[in-house]
Amino acid sequence: MLLHCPDKQGIISELTKFITDNHGNIMYLDQYVDREDDMFFMRIEWELENFLIPRDKIKDIIDTLYTERFQMHFNLYFSDVKPRMAIFVSKMSHCLYDLLARWKAGEFNVDIPCIVSNHENLRYVAEQFGIPYHVWSIKKDHSNKAEVETAEMELLKKEKVSFIVLARYMQIISDEMIKSYPNHIINIHHSFLPAFIGAKPYHQAWERGVKIIGATSHYVTAELDAGPIIEQDVTRISHKDTPESLVLKGKDLEKIVLSRAVTKHIQRKVLTYKNKTIIFQ
């Protein structure tokens, strides 16, 4: 259970009492108070083996008991329900390979029903992992983009996709798709923005002589590359680096940062509030 509400005395004791009174065994509890906004955030996990309330009634009972009383917003998840992750790609393979390798190794507790692309280039990667690969080419003038996204949305609905990962998908996602998956579309890019916009950002960074490069993973919102940040990291570079070595270091960071963000999302340890995230440990 992930929740947030105005901070008030007794929230933790009430919820833990509710769980223990119903024979639930609490396995995890982490909480945080934002003093600036006077908001309380919590993630709590408990076993249902001896829980007195049927799982299909838990949400309604919590809603009845606490939503109005604490002005609480919450989401309830069950660990035996695997999220279904769709991956969107274009031509670059480094993030796709990393995600699929981690999934194959058992690091991601997800199902991957489909990979979506606007190019044929990475079909061979999908075939190596036995995952259906769907291509919808988008015209340069974007005249067919609405039609393409309609087809993509039909596929996502058919495959019961619960969240999307943009593994270097070089297309802007429409507001309609974002509204269908609020805080459930994860993107990755270099962290130079708003500097070094456009093609070859690492080459631009090398020409400028920067000493740190980084990567950012965030949820996609209607404002381009400005959604709630899930994960970031940096690495130092020196005058000995070349544009090519910057690209390699940048790609490595992108893989690591994206995988961390996806892991946190799968574990349901990310809570979004306004345009920020609370990341539970």
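Per chain, the residues get numbers from 1 upward, laid out in the order the sequence is written. Totals for whole chains, interfaces and linings use every residue, but because this is a predicted model, local features are given only for residues with pLDDT of at least 70 and side-chain atom pairs only at 80 or more, for both listing and counting. With hydrogens and water excluded, all non-hydrogen atoms of the structure serve as input to the side-chain values.

Caption draft 1: Quick peek at the overall build of the protein. Per the secondary structure count, the protein includes eight helices and 13 strands. In terms of overall dimensions, the protein has C-alpha extents of about 60 × 45 × 35 Å along its principal axes. For the protein, with 281 residues in total, the buried portion stands at 47%. Contacts in the protein between residues far apart in sequence, at least 24 positions, make up 64% of those at least 6 positions apart. Counting only carbon and sulfur atoms, one obtains 50% of the accessible surface of the protein, whose full area is about 15100 Å². Charge assignment in this entry is limited to Lys and Arg as positive and Asp and Glu as negative, and neither His nor the chain termini are counted. In this description, the location of a charge corresponds to atom NZ of lysine, CZ of arginine, CG of aspartate or CD of glutamate. Averaging the positions of the 36 positive and the 38 negative side-chain charges in the protein gives two centres separated by 4 Å. By the criteria applied, helices consist of DSSP H or I runs no shorter than four residues and strands consist of E runs no shorter than two, each listed in order from the N terminus. Accessibility here uses a 1.4 Å probe with only protein chains present; expressed as a share of the type maximum, an area under 20% marks a residue as buried, one over 50% as exposed, and anything in between as partly exposed. By the convention used here, residues are in contact when the closest approach between their heavy atoms is within 4.5 Å. Each accessible area value is a Shrake-Rupley result obtained with a 1.4 Å probe; residue values ignore everything except the protein chains displayed when judging cover.

Caption draft 2: Quick peek at the packing of helix H7 (residues 201-208) against helix H8 (residues 243-266). To get an axis, fit a line to the C-alpha atoms, keeping to the stretch in contact for a helix; angles then go from 0 to 180 degrees between the N-to-C directions. The interhelical angle for the contact between H7 and H8, taken along N-to-C directions, is 125 degrees, at an axis separation of 9 Å. In terms of orientation, H7 and H8 fall into the oblique class. Judged by the twist between their axes, the crossing of H7 over H8 is right-handed. Of the residues in H8, those touching H7 at Tyr202, His203, Ala205 and Trp206 are Pro243, Leu246, Val247, Gly250, Lys251 and Glu254. Class assignment for the residues of the contact of H7 with H8 results in six nonpolar, two polar and two charged. To sort the angles, those under 35 degrees are grouped as roughly parallel, those over 145 as roughly antiparallel, those from 65 to 115 as roughly perpendicular, and the leftovers as oblique. In this scheme the crossing of two helices becomes right-handed for a clockwise turn of the near helix relative to the far one and left-handed for an anticlockwise turn of less than a right angle. Throughout, the ten residues Ala, Val, Leu, Ile, Met, Phe, Trp, Tyr, Cys and Pro are labelled nonpolar, Asp, Glu, Lys and Arg are labelled charged, and all others, Gly among them, are labelled polar.

Caption draft 3: Expanded view of the layout of surface pockets. For the largest pocket, the calculated volume is near 880 Å³. Secondary structure elements with two or more residues in the lining of the largest pocket: helix H6 (175-180), strand E9 (185-190), H7, strand E10 (212-219) and H8. Every definition here rests on a 1 Å grid over the protein atoms only: cavities are sets of points where a 1.4 Å probe fits but cannot get out, pockets are open sets enclosed by protein on both sides within 12 Å along at least five of seven lines, and lining residues have some atom within 4 Å of a point. Grid points are joined across faces, edges and corners, and a volume is the space filled by probe spheres set on the points.

Caption draft 4: Structural detail: the environment of Leu155. Relative to the helices and strands, Leu155 resides in helix H5 (residues 145-158). Residue class for Leu155 comes out buried when judged on its relative accessible area of 8%. It is 9.9 Å that separates the C-alpha atoms of Leu155 and Pro113, two residues lying 42 residues apart in sequence. Each residue touching Leu155, except ones within four places of it in the same chain, is listed here: Cys114, Val116, His134 and Trp136.

Caption draft 5: Region of interest: H8. To estimate how far a helix should reach, multiply one less than its number of residues by 1.5 Å. Compared with an ideal rise of 1.5 Å per residue, which puts 24 residues at 34 Å, H8 spans 34 Å between its outermost C-alpha atoms and is within 8% of the ideal. Just downstream of H8, Arg268 is the residue with a positive phi angle, here 55 degrees.

Caption draft 6: Summary view of the pairing of strand E8 (residues 163-166). Neither face of E8 is exposed, since Phe163 and Val165 on one face and Ile164 and Leu166 on the opposite face are all buried. Note: strand E5 (residues 84-89) against E8, four bridges, orientation parallel. Of the residues in E8, the one forming a bridge with Phe88 is Leu166. With three bridges joining them, E8 and E9 adopt parallel strand pairing. Note that in E9 the partner of Ile164 across the bridge is Ile185. Between the parallel elements E8 and E9, the chain passes through H6 in a crossover that is right-handed. At least two DSSP bridges between two strands are needed for those strands to be called paired. Crossover handedness is defined by viewing with both strands directed away from the observer: a clockwise path from the first strand over the helix to the second marks the crossover as right-handed.

Caption draft 7: Looking closely at the nonpolar core. In this description, a nonpolar core means a group of buried Ala, Val, Leu, Ile, Met, Phe, Trp, Tyr and Cys residues linked to one another through side-chain atoms lying within 4.5 Å. Ile87, Leu100, Ile115, Leu258 and Val262 are the most contacted members of the largest nonpolar core, which totals 40 residues. At seven residues, H8 tops the list of elements feeding residues into this core. Sequence-distant contacts of Ile87, that is, excluding residues within four places in its chain, are made with Leu96, Leu99, Leu100, Ile112, Cys114, Ile115, Val116, Val165 and Ala167. Core analysis: the second largest hydrophobic core is formed by 22 residues, Met1, Val33, Ile62 and Met72 among them.

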